[in-house]
Amino acid sequence: MANEVTLTAALRTNLLSLQRTQGLLDVTQNRLATGKRVNSALDDANAFFASQSLTFRANDLTRLLDGIGQGVQTLKAADQGITTITSFLEQLQATAQEALDQANASGGAPTDQVSLEASYDELIAQLDFVAADSGYRGTNLLDSGDLTVTFNEDASSTLTVSGVDFTTGGDLSISAADFTDAVTAQAALDEISAALTLVRAQARTFGTNLNIIQTREDFTESLVNVLKEGSDKLTLADNNEEGAKLLSLQTAQQLGITSLSLASQAQQSVLRLF
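Before going into details, it helps to say that this report is about the structure given with it. All of these numbers come straight from a predicted model, not from anything done at the bench.

1. Some points on the overall build of the protein chain
And step 1. In terms of regular secondary structure, the protein chain is built from five helices and two strands.
And step 2. Listing the helices and strands of the protein chain from first to last along the sequence gives α-α-α-β-β-α-α.
And step 3. Counting all 274 residues of the protein chain, 34% fall into the buried class.
And step 4. Taking contacts inside the protein chain between residues at least 6 apart in sequence as the whole, the part at least 24 apart equals 75%.
And step 5. For the protein chain, the computed accessible surface area is about 15,700 Å², with 53% contributed by carbon and sulfur atoms.

See below:
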């Protein structure tokens, strides 16, 4: 068995002091490097797990924000479709009104019946194309699609937006052109008027839904920031304080080394006796 080296009480005391100082230096340097005073459950179990809980919830809500944002885009696509459909309905209305005016003037069929009916049918076809093309990522609120947006982690807070069938053969109920006389032209005008009323009402509904989703999106973004801030307050280090501690510990370390050197010199003076 190797011989043990016996240290004097002064040397051992100074050595232990240096070891403690080095341990504190390691902790302080780690806090400055990571920016956190709590890096694991060993540092402060309560603060560590409370911070993790807040961070996990913030992450869950951040993932939900993607879905909320996509819901906003789906409604914007539908709103753009409604705007275009409204424009086509107004053009159909103008065409039917022209047919009615000509029919009233002639006392029978409009003088431009063929061209007016061709224009009317082309507008109907384009309106249907717009309704079919107003989808976003597979959801088309103007072609009987529904949208459900989830606002919280356990899906207890949601909003479901019911779609409509805004084709001329669906909810809008617009017939093909028939401008035989003033009666048929007036019937077309009545269909267009009813369709415009329906479209404008649905535009208001979609607008309300869009405002709700955007408001919840803003709320969720703010809540995520609050949760992250709360998590940071539980774990982040005060860099100014840790910097001051580092300087103080470095000074204490230098003094400890000096003290250890002095204690060693006192032991070495014994050799002068021989």
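2. Structural notes on the side chain of Ser 157
And step 1. Tracing the backbone shows Ser 157 in the loop between strand 1 (147-150) and strand 2 (158-161).
And step 2. Side chain to side chain, Ser 157 and Arg 216 meet in a polar contact 3.1 Å long.
And step 3. Not counting residues within four places of it along the chain, the set of residues in contact with Ser 157 comprises Val 149, Thr 150, Phe 151, Asn 152 and Arg 216.

3. What about the packing of helix 2 (residues 45-106) against helix 3 (residues 113-132)?
And step 1. Across the interface, helix 2 lies against helix 3 with an axial gap of 10 Å and an inter-helix angle of 165°. Between helix 2 and helix 3, the angle is such that the two are roughly antiparallel. Helix-helix and strand crossings are classified by hand; for helix 2 and helix 3 the assignment is left-handed. Contacts between helix 2 and helix 3 pair Gly 81, Thr 84, Ile 85, Phe 88, Leu 89, Gln 91, Leu 92, Thr 95, Ala 96, Glu 98, Ala 99 and Gln 102 from the former with Leu 116, Tyr 120, Leu 123, Ile 124, Gln 126, Leu 127, Val 130 and Ala 131 from the latter.
And step 2. A class-by-class count of the residues in the contact of helix 2 with helix 3 yields 13 nonpolar, six polar and one charged.

Cut-offs and rules
The numbering scheme is per chain: residues are counted from 1 as the chain's sequence reads. Only residues with pLDDT of at least 70 are given local features in this predicted model, and only at 80 or more are side-chain atom pairs given and counted; all residues enter the totals for whole chains, interfaces and linings. Remark: hydrogens and water are excluded; side-chain values derive from all non-hydrogen atoms of the structure. Note on conventions: DSSP H or I runs of at least 4 residues are helices, E runs of at least 2 residues are strands, and numbering of each starts at the N terminus. A 1.4 Å probe rolled over the protein chains alone gives each residue an accessible area, and that area as a share of the maximum for its type sets the label: buried under 20%, exposed over 50%, partly exposed in between. In this analysis, two residues are considered to be in contact whenever any of their non-hydrogen atoms come within 4.5 Å of each other. To be clear on the numbers: accessible area is Shrake-Rupley with a 1.4 Å probe, and residue cover counts the displayed protein chains and nothing else. Between N or O atoms, a polar contact is any pair within 3.5 Å; within protein, one atom must be a potential hydrogen donor and the other a potential acceptor, and residues adjacent in sequence are included only when both atoms are from side chains. Each axis is a line fitted through C-alpha atoms, and for a helix only the stretch in contact is used; angles between axes span 0 to 180 degrees, taken between their N-to-C directions. Angles below 35 degrees are treated as roughly parallel, those above 145 as roughly antiparallel, those between 65 and 115 as roughly perpendicular, and all remaining angles as oblique. Two helices that cross are described as forming a left-handed crossing if the nearer one is turned anticlockwise from the farther one by less than a right angle, and a right-handed crossing if clockwise. All amino acids are sorted into three groups, where Ala, Val, Leu, Ile, Met, Phe, Trp, Tyr, Cys and Pro are nonpolar, Asp, Glu, Lys and Arg are charged, and the leftover types, Gly among them, are polar.

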